[in-house]
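A structural walkthrough
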Amino acid sequence: MAMTFSILKKSFLGVGLLACAFGVAQEVEASERLVMAERKGDRGMLAPYVHHKNGPGYIFTSYLFDTLIGQDDAGKPIPALASSWSVSKDGLTYTLALNEAVTWHDGTAFTAEDVAFTIEYMQKHPYSFISIANIASYEVMSPHKIQVTLKKRDAGMMTSKLVSLPILAKHIYETIETPARFLETKAAIGTGPYKLVRYEKAQGRYLLERNEAYYGGRPKYEQLAIFKMAPQAALKAMTSGQVDLYNRLPVEDIDAAQKAGLKVFRYVSHHPSRLIFNHRGLFKDKAMRQALAFAIDRQALVDIVYRGKAEIADTGFLQKGTAWYSDMTLPSYAADPAKAADMLTQQGWRKGDDGQWGKAGKTIALRFITSKSFKKMATVLSQQLTAFGFAVELRILEKAAVNAALKKEDFDLSLQTSSTLGDPDSYFHRVFSKSPKSDDYQGDGKMKEMLKKQQQATSAAERRAIVKEFQALYAEELPSYMLINPVWVVAHTDRVQPVFFDSGIAFGIPMAIPKNILMP
Amino acid sequence: MVTRFYGTLKQWQNLLAGLAVLLFLAVLFLSFLPSYDVGYNTLQAPSRSHWLGTNDIGQDVLTGILTALPNTVLVAVLASLMALFLAIVMAANAAIAKGWVAALILRLVDILHIIPSILVLLLFAAWIQPGFLGMILLIGLTSWHDDVRVLRALILRERTRENVAFARQMGAGWGYCLWRHILPSVWPAITGLFVQHIRQSTMKVAGLGFLGLTDPRLVTWGSMMQDALDYLHMSAALWLLLPPGLCLCLFLLLALALGRRLERYSLAEERDLS
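Residues numbered from 1 in each chain as written. Chains lettered and ligands numbered in written order. Predicted model: local features only at pLDDT ≥ 70, side-chain atom pairs only at ≥ 80, totals over all residues. Heavy atoms only, no water.

So, the overall build of chain A
Heads up, the rule is: In this description a helix means any DSSP run of H or I spanning at least four residues, a strand means any run of E spanning at least two, and both kinds are numbered starting from the N terminus. The globule rule is 2.2 Å times the number of residues to the power 0.38, and the radius of gyration it is compared with is taken over C-alpha atoms. Three labels apply to residues, based on accessible area from a 1.4 Å probe with only protein chains included: buried if under 20% of the type maximum, exposed if over 50%, partly exposed otherwise in between. Contacts are assigned to residue pairs that have any heavy atoms within 4.5 Å of one another. All accessible areas in this document rest on Shrake-Rupley with a 1.4 Å probe, and a residue is counted as covered only by the protein chains that are shown. Only four residue types enter the charge count: Lys and Arg as positive, Asp and Glu as negative, with His and the chain ends excluded. Note on charges: their place is set at NZ of Lys, CZ of Arg, CG of Asp or CD of Glu.
Helices and strands together make up the secondary structure of chain A, namely 15 helices and 21 strands. Relative to the globule expectation of 24 Å for 520 residues, the C-alpha radius of gyration of chain A, 24 Å, shows essentially globular dimensions. In terms of overall dimensions, chain A has C-alpha extents of about 75 × 60 × 40 Å along its principal axes. Among the 520 residues that make up chain A, the fraction classed as buried is 56%. Taking all contacts inside chain A whose residues are at least 6 apart in sequence as the whole, residues at least 24 apart take part in 70%. If you sum the accessible surface of chain A, you get close to 21,300 Å²; carbon and sulfur atoms cover 54% of it. If the 65 positive side-chain charges of chain A are averaged to one point and the 54 negative ones to another, these points end up 4 Å apart.

Structural data, given as structure tokens:
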């Protein structure tokens, strides 16, 4: 019955889209409208505190909310709300001159008071993606000039914080006590190139319109519609011109898209899947993690799970071809069961009479817990580990249950995936934090020290040198074992051209749909 | 009377012998079955080396179907047996014992009737992700109450018969009476209920597998169908979805036919005897 339901759902989606597209068509000419679709819908209301805590949620919100510093078509910082800026010699004081032509979507003028308000408000109500706890004080020097002073030097202030921090409208938010429950359309009043017209939560649909008064030039499309759609339905709709861009087309549908005459924008996502270890359990020691790495055949994962359409990930956290990657030879842990067995034996493990690894005559089962999205990879991995002689207890749970198990440290291995792009600042969160997507690694504290040191760096070269050391140490200590760097795909028509930044969007979102593609 | 009793005993023996053979075959079958390994040949159409093709991680579909056979069929049969056994024990107690025991059992059954058992099943399955044994227990424990009232009515009818009264007069205990006199005469109903249970349990096993609420390592026809759903729009659906679906239909039809035949056989026997 559930199967019929799924088929029904798919056809309903198609019909729903048609109906909706017609609805939109009545309002504007098709040539003036851009329709984007993706597999999952509803990214939440498009306002900083209420969009969903994921990449697409942030990106769609960024169409409505501009940041002080923007990104050019290569991802490099360019003026946005701030038309120019300067940093004091000690790296503590940032003076920002604001663009005087900016207005909010409701016509109110944008001033330094709004920036000051945002800083104060976000210190009281932290925004999930960017922490501004390091800001010590600010001073509004004139209606369009503000000075921000930091507690300590932060080399990533511009490229991580100011590029990502959405600026809130003081006249909207000053009366809001609990922004997480502020869901009115008013909440989406920003300074960005598009304004929110309609948000239908149940269907995961958004309708945005051009901000005619946008300070950065006239946005390219009069309307922007965002839908949820199954890939197959989307490909059909794209060939008939109803949809212009499909974000994250499954790789197995590339051929179908090309056959249908669509353009396929393919990029290595640098959002690798990685094997997470319980650092307070069996995999406390580096040697154990390395031994396990040698027992895994990553090429087989690429060939079987991704049918060759992915790359083997670099082991030093940073991935080849990204902004902060340094070219060097790192251990690749190519599958070598003999070496893995050797290392395990040195750690006091023995193979029992049943051919399974254990300690002191007792088989030790590896508790391998992961969520449904990793089912295929987990099946292949656990078979590799079983073939090597590990007893594997694989459990595939709902995401919430996986997170709970990770929190309770009721696991030995898990699979996760997160971006490796963005300013080195973001590594704190991805490697050391308690978040379920993090490695939750402490080690001897040396790696964390390195990251703190790079924050204090005075030149880009110095920073890069430290990140390079971090990369080498990561590959050796393996806070987690980077497995596969998957290829992501955007299918599109001639009307729009996806762009991928090697540093990711804002704090490192590896998607090819930054707001740049909506501008001429 | 005597032939009737021995006839029924023979039926029980037949049933148990049948089950033993089934179990033996299952064990034999599993030991000869190649393991359900992943491989490099992903999404291959049926060919000489893979008679029913391969799935998205290179597992052989035929091997999967055969691996899933006991996980679907045997689980359903054993769960039905367990549910029926529980139902008979409860019904007998409710019929024979008087007073609060009977009341307690009947009220318990009432309560269980009010709570939709499928919800309980889904809830517990989502929580514990049952494997082979867990599934038998879970399905057995959530479906026994359906039969208690029917069986109790039958047992109540049978206990008023002369043969039971005579046996009691001669000093026979209720257990003896139940085993020797009552159950044999309600055999057709038990057969019918058993087969009905098998059908329902099979659907439940398949359903749980399809919803992904079982142990991920346990391959069932339901879980194979679930895995096939991603390829619904591709020709691969032909060899990924159809085989487990057809197997499921075939087994359900088989159970239906078997039930009819058993019922007819029992009724005929009863007619002969009377």
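Some points on the sheet that holds strand E6 (residues 135–142) of chain A
Residues and elements named next belong to chain A. Worth spelling out the cut-off: Any two strands are treated as partners once DSSP identifies two or more bridges connecting them. Every angle, taken between N-to-C directions, lies between 0 and 180 degrees, and every axis is a line fitted to C-alpha atoms, over only the stretch in contact when it is a helix.
Pairing is antiparallel across the open sheet formed by 4 strands, whose spatial order is E4-E5-E7-E6. The two strands at the open ends of the sheet, each matched to only one other strand, are strand E4 (82–87) and E6. Mean inter-strand twist for the sheet, computed between neighbouring axes without regard to direction, equals 20 degrees. In the sheet, E6 pairs with strand E7 (residues 145–150) via 6 bridges, with the strands oriented antiparallel.

Thoughts on the confidence of the model for chain A
Heads up, the rule is: Think of pLDDT as the predictor's per-residue confidence, scored from 0 to 100.
Scored by pLDDT, chain A has a mean of 90; 94% of the residues are at 70 or more. Counted against residues more than four places away or in other chains, residues 1–22 of chain A, with its pLDDT under 50, gives 20 contacts.

Regarding helix H9 (residues 298–305) of chain A
All names here are of chain A. The buried fraction of H9 amounts to 6 of the 8 residues, a majority that puts the element mostly inside the structure. Every buried residue of H9 is listed here: Arg298, Ala300, Leu301, Val302, Ile304 and Val305. Next to the buried residues of H9 lie strand E14 (310–312), helix H11 (375–388) and strand E21 (480–492). After H9 finishes, the residue Arg307 shows a positive phi value of roughly 45 degrees.

Looking at the confidence of the model for chain B
Mean pLDDT for chain B: 86, with 95% of residues reaching 70 or above. Taking the mean pLDDT of every element in chain B, the minimum, 69, falls on helix H1 (residues 2–32) of chain B and the maximum, 94, on helix H5 (residues 132–143) of chain B.

Re the interface of chain B and chain A
The following threshold applies: Two parts placed together each lose some accessible area; with a 1.4 Å probe, that loss summed over both constitutes the buried area. The salt bridge criterion pairs a side-chain nitrogen of Lys or Arg with a carboxyl oxygen of Asp or Glu, the two atoms within 4 Å. By the criterion applied in these results, polar contacts are pairs of N or O atoms within 3.5 Å in which, for protein atoms, one can donate a hydrogen and the other can accept it, and in which residues neighboring in sequence qualify only through two side-chain atoms. For this scheme, ten residues count as nonpolar: Ala, Val, Leu, Ile, Met, Phe, Trp, Tyr, Cys and Pro. Four count as charged, namely Asp, Glu, Lys and Arg, and the remainder, Gly too, count as polar.
Each side of the interface is counted separately: chain B has 25 residues, and chain A has 24 residues. Roughly 2,000 Å² is buried in total at the junction of chain B and chain A, and carbon and sulfur atoms are behind 59% of that figure. Counting across the chain B and chain A interface gives 2 salt bridges. With a closest N to O distance of 3.2 Å, Asp227 of chain B and Lys375 of chain A form a salt bridge. Our count for the contact surface shared by chain B and chain A stands at 9 residue pairs in polar contact (both at pLDDT 80 or more). Residue classes in the side of chain B that touches chain A are distributed as 14 nonpolar, 6 polar and 5 charged.

Some thoughts on the domain arrangement of chain A
All names here are of chain A. The following threshold applies: Reported domain spans reflect what an automatic or database domain assignment gives.
If you check the domain split of chain A, you get domain 1 (2–48 + 192–262 + 493–518), domain 2 (69–172) and domain 3 (273–486). If you look at the interface, domain 1 gives 16 residues, while domain 2 gives 21 residues. In total, about 1,400 Å² of surface goes out of reach between domain 1 and domain 2, with carbon and sulfur atoms giving 54% of it. If you sort the residues of domain 1 by the area they bury against domain 2, Pro48, Tyr215 and Phe507 come out on top, with a joint share of 46%. Our count for the contact surface shared by domain 1 and domain 2 stands at 0 salt bridges. On the surface where domain 1 and domain 2 come into contact, there are 8 residue pairs in polar contact (both at pLDDT 80 or more).

Focus: the sheet that holds strand E17 (residues 362–363) of chain A
All names here are of chain A. The antiparallel open sheet is built from 3 strands, whose spatial order is E15-E16-E17. Every interior strand has two partners, whereas the edge strands, strand E15 (350–351) and E17, have only one. The pairing of E15 with strand E16 (residues 357–359) spans 2 bridges and is antiparallel. Bridging across to E16, Lys351 finds its partner in Trp357.

Brief notes about the environment of Asp37 of chain B
Note on placement: Asp37 of chain B falls in the loop between H1 and helix H2 (61–96). With 163 residues separating them in the primary sequence, Asp37 of chain B and Gln200 of chain B have C-alpha atoms 31 Å apart. Leave out the neighbours within four places in its chain, and Asp37 of chain B touches Gln383 of chain A together with Gly58, Gln59 and Asp60 of chain B. Among the polar contacts made by the side chain of Asp37 of chain B, one reaches the side chain of Gln383 of chain A at a distance of 3.4 Å.

Observations concerning the nonpolar core
Using the following cut-off: Put simply, buried Ala, Val, Leu, Ile, Met, Phe, Trp, Tyr and Cys residues joined by side-chain atoms within 4.5 Å make one nonpolar core.
One finds Met36, Tyr63, Leu68 and Tyr173 of chain A to be the most contacted residues of the largest nonpolar core, which totals 79 residues. Sort the elements by how many residues they give to this core and helix H3 (residues 112–124) of chain A lands first, with 7 residues. Ile65, Ala83, Ala95 and Val148 of chain B belong to the second-largest nonpolar core, a separate cluster that totals 53 residues.

Comments concerning a positive patch on the surface
Filter applied, for reference: Patches here are clusters of residues that have more than 30% relative accessible area and form no salt bridge, with a 9 Å joining cutoff for like charges and a 5 Å cutoff for nonpolar side chains (Val, Leu, Ile, Met, Phe, Trp, Tyr).
On the surface, a cluster of positive charge is made up of Arg39, Lys40, Arg248, Lys399 and Lys437 of chain A. By secondary structure assignment, the location of Lys399 of chain A is in helix H12 (residues 399–407).

Some thoughts on the pattern of salt bridges
Residue and element names in this part refer to chain A. As enumerated under the stated definition, the model contains 29 salt bridges over all chains in all. Between Asp410 and Arg367 there is a salt bridge, with the nearest N and O atoms lying 2.9 Å from each other. Placement of Asp410 in the loop between H12 and strand E20 (413–417) and of Arg367 in strand E18 (residues 365–371) is noted, with a sequence separation of 43 residues between them. Among the residues examined, Asp410 registers a relative accessible area of 34% and is labelled partly exposed. One salt bridge in this structure joins Arg367 and Asp412, with 3.3 Å as the shortest N-O distance. Of this pair, Arg367 sits in strand E18 while Asp412 sits in the loop between H12 and E20; the two residues are 45 residues apart in sequence, bridging distant segments of the chain. For Asp412, a relative accessible area of 3% gives the class buried. Several salt bridges share partner residues, and in doing so they unite Glu32, Arg210, Glu212 and Arg218 into one network.

Thoughts on the environment of Tyr127 of chain A
Residues and elements named next belong to chain A. Here Tyr127 lies in the loop between H3 and E6. Separated by 62 residues in sequence, Tyr127 and Phe65 place their C-alpha atoms 14 Å apart. Setting aside residues up to four positions removed in sequence, Tyr127 forms contacts with Pro48, Tyr49, His51, Tyr58, Met122 and Pro166. Here His51 takes part through its side chain, which lies 2.8 Å from a polar atom of the side chain of Tyr127.

Let's talk about the state of the cysteines
Keep this limit in mind: The disulfide criterion used throughout: a pair of cysteine sulfur atoms within 2.5 Å.
Within this structure, the stated rule accounts for 0 disulfides over all chains. Counting only cysteine sulfurs, Cys249 of chain B is the nearest neighbor of Cys247 of chain B, a cysteine outside any disulfide, at a range of 9.3 Å.

Quick word on the side chain of Gln59 of chain B
As for its placement among the helices and strands, Gln59 of chain B is situated in the loop between H1 and H2. Its relative accessible area of 8% is what places Gln59 of chain B among the buried residues. Only 3.5 Å separates the side chain of Gln59 of chain B from the backbone oxygen of Tyr36 of chain B, close enough to count as a polar contact. Once residues within four sequence positions are removed from consideration, Gln59 of chain B is found in contact with Thr379 of chain A together with Tyr36, Asp37, Val38, Gly53 and Thr54 of chain B.

A look at a nonpolar patch on the surface
Residue and element names in this part refer to chain B. Judged by side-chain polarity, Val21, Phe24, Leu25, Leu28 and Phe32 come together as a nonpolar surface patch covering roughly 540 Å² of accessible area. Residue position: Val21 is located in helix H1. Note on Val21: relative accessible area 47%, which makes it partly exposed.

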